[in-house]
Amino acid sequence: MKKITLTICLLLAVAANAQQEKGIIGYANWLDNWTEFKPQKTESKDANQILAGNITENTKLMKKNVYILHGNVYVTNNSVLTIDPGTVIIGDAATKGTLIITKGSKIMAEGQETDPIIFTSNASMKKAGDWGGLVILGDAPINKFGSVGSYNMDLDPALTVYGGNNAASSSGILKYVRIEFAGRKVKGADAFNGLTVAGAGNKTVLENIMVSFSGGDSFAFYGGDVNASQLVSYKSINDDFKITQGAQCRLFNSLAVRSSYLSSNKDGSRCLEVKAYEKKNETDFTKKSTFVSASNLTLLNDSENIKADVQSGLVKEAIYVGENTALELKRSVVSGFNPAVLLDSKTEMNADNLKKIKFEEMFFNQCTGNIFTENNTDNSDLENWYGNSIFSNVYSQTDNKETFVDIYNAKRPDYRLQLGKITASSGR
């Protein structure tokens, strides 16, 4: 009898600790405590400290103060900016405040799950693009000529250089950080991103970062050698994760939630955009091209009427893979797009390219077509290739409410896949 009781207890313990293997994972919902899905409704604190101009020596921002970024603020001279858990930094909407960590300097922003560091807007009616965003510039390799680039917005060109030869460098730590309503538009140029990481080395720590309501991309990685996990992009106007300029990027256990009605790109905005370069004539093709290894991503269009949005043309692809790039995507969920994946029209469908573009153990749900080449409506070859049982990809047409644990919970949504969903029909 004791053996039977023990066996039942063990089985119950296993069930209680079970987790879905695809999409974002965790025995508990790791979004709890530190994220905020309705930042418009949180009241702005009044700033009592101003950050302006250049920070040229080691500086610490403390939770007891509220800081306002006035215009473009540069951390220079190999200085370290340390930010205590729970500190609030406000991007000034009037001067479009932006924080730039220049090459050689560091940001040490290590919040806590119950006490995150918050970058937000001071506008009375908060909206995407109220302020600039956070820019981190490092000295890891990029694939531009001369191994150097410049973040050419309306910033000081002498202070926005990035790139070098130090793949193992550190630009600091971002952990348990929220960035809200960033991504201001620059006249005659693109928009800033919520978080821009350019030429950062692999000793840089990027974990548990949420970018919400960005007027540009949520996360943009220009070159560098980057590890990132538990990133959250919520309702970005542009791309959720943009990776380019020869970045060697490993992305794990991260979430992108899109709205059908938010898009600024003429090509449509994507959850994941992987490209070799921004400008071909500035690219040194003797250097490493962009390589992304990603697993346990959840890429979701949370529209309540996906089919209607697809028919109206509001929904585009979730993933775009440019020419001369490599993407390995595993154990991830793509739900509610048209189609799931689009490959650049210049990418030839040959053995070499198919080895560089991998989709394995995927869960494609509510997608109108799965993997296509740009400007080609016949995707039978790609469907046959990626539909091969060796890749263990799963296809489903289940609505969001049944697919995810609790995504319509206003305060604490849970975007993990419901247990058992990987047993869905594999028919295409």
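Coordinates for the structure precede this section.
The structure displayed is predicted, hence computed values, not measured ones. (Residues numbered from 1 in each chain as written. Predicted model: local features only at pLDDT ≥ 70, side-chain atom pairs only at ≥ 80, totals over all residues. Heavy atoms only, no water.)

A. Structural view of the overall build of the protein chain. Looking only at helices and strands, the protein chain has five helices and 30 strands in total. Long-range pairs, those at least 24 residues apart, make up 70% of the contacts in the protein chain with a sequence separation of at least 6. Split by element, the accessible area of the protein chain, about 18,200 Å² in all, is 49% carbon and sulfur. (Helix = DSSP H or I, 4+ residues; strand = E, 2+ residues; numbered from the N terminus. Contact = heavy atoms within 4.5 Å. Areas by Shrake-Rupley, 256 points an atom, 1.4 Å probe, with all protein chains shown as cover.)

B. View of the environment of Gly215. Following the sequence through the fold, Gly215 ends up in the loop between strand S14 (205-212) and strand S15 (219-222). Measuring from C-alpha to C-alpha, the distance between Gly215 and Gly133 comes to 9.8 Å, with 82 residues separating the pair along the chain. Setting aside chain neighbours within four positions, we find Gly215 in contact with Ala128, Gly129, Ala182, Gly183, Ala191, Phe192 and Ile237.

C. Spotlight on the packing of aromatic side chains. Under the counting rule described, the total for this entry stands at 14 aromatic pairs. Note on Phe219 and Phe241: the rings are 5.4 Å apart at their centroids and 20 degrees apart in plane angle, and the pair reads as stacked. Remark: Phe241 occurs in strand S17 (residues 241-244) and Phe219 occurs in strand S15; sequence separation between them is 22 residues. In this pair, the class of Phe219 matches that of Phe241, namely buried. Relative to Phe285, the ring of Tyr277 lies with its centre 5.9 Å away and its plane at 80 degrees, an arrangement referred to as edge-to-face. When its relative accessible area of 45% is taken as the criterion, Phe285 is described as partly exposed. (Phe/Tyr/Trp six-rings, centres within 6.5 Å; stacked < 30°, edge-to-face > 60°. Buried < 20%, exposed > 50% of the residue type's maximum accessible area, 1.4 Å probe, protein only.)

D. Quick peek at the pairing of strand S12 (residues 172-180). Most of S12 is tucked away: eight of the nine residues are buried. By the bridge criterion, four bridges tie strand S7 (residues 106-110) to S12 in an arrangement that is parallel. Bridged to Ile107 within S12 is Gly172. In this structure, S12 lies alongside S14, joined through seven bridges in parallel fashion. Residue Ile173 lies in a different strand from S14, and its bridge partner there is Val205. (Pairing = 2+ DSSP bridges.)

E. Examining the state of the cysteines more closely. According to the stated counting rule, one finds zero disulfides in the structure shown. The thiol of Cys271 is not disulfide-bonded; the next cysteine sulfur, from Cys367, is found 9.7 Å away. (Disulfide = S-S within 2.5 Å.)

F. Just the environment of Ser345, in detail. With respect to the secondary-structure elements, Ser345 resides in the loop between strand S24 (341-343) and helix H3 (351-356). For the pair Ser345 and Glu323, spaced 22 residues apart in sequence, the C-alpha to C-alpha distance is 7.9 Å. Once you skip the residues sitting within four places of it in the chain, Ser345 turns out to touch Thr373, Glu374 and Asn375.

G. Region of interest: the side chain of Asn353. Take Asn353: it is sitting in helix H3. Assessed through its relative accessible area of 15%, Asn353 is described here as buried. Not counting residues within four places of it along the chain, the set of residues in contact with Asn353 comprises Thr347 and Glu348.

H. Focus on the pattern of salt bridges. Under the defined criterion, the tally for this structure stands at 20 salt bridges. Salt-bridge contacts for Lys63 lead to Asp115; the nearest nitrogen and oxygen are separated by 2.9 Å. One end of the pair, Lys63, is in the loop between strand S2 (59-61) and strand S3 (66-75); the other, Asp115, is in the loop between S7 and strand S8 (117-121), and 52 residues separate them in sequence. Under the relative-accessibility criterion, Lys63 is labelled partly exposed at 46%. Lys127 serves as the salt-bridge partner of Asp130, at 3.2 Å between the closest nitrogen and oxygen. (Salt bridge = Lys/Arg side-chain N within 4 Å of Asp/Glu carboxyl O.)

Worth remembering: the numbers are spatial, not functional.
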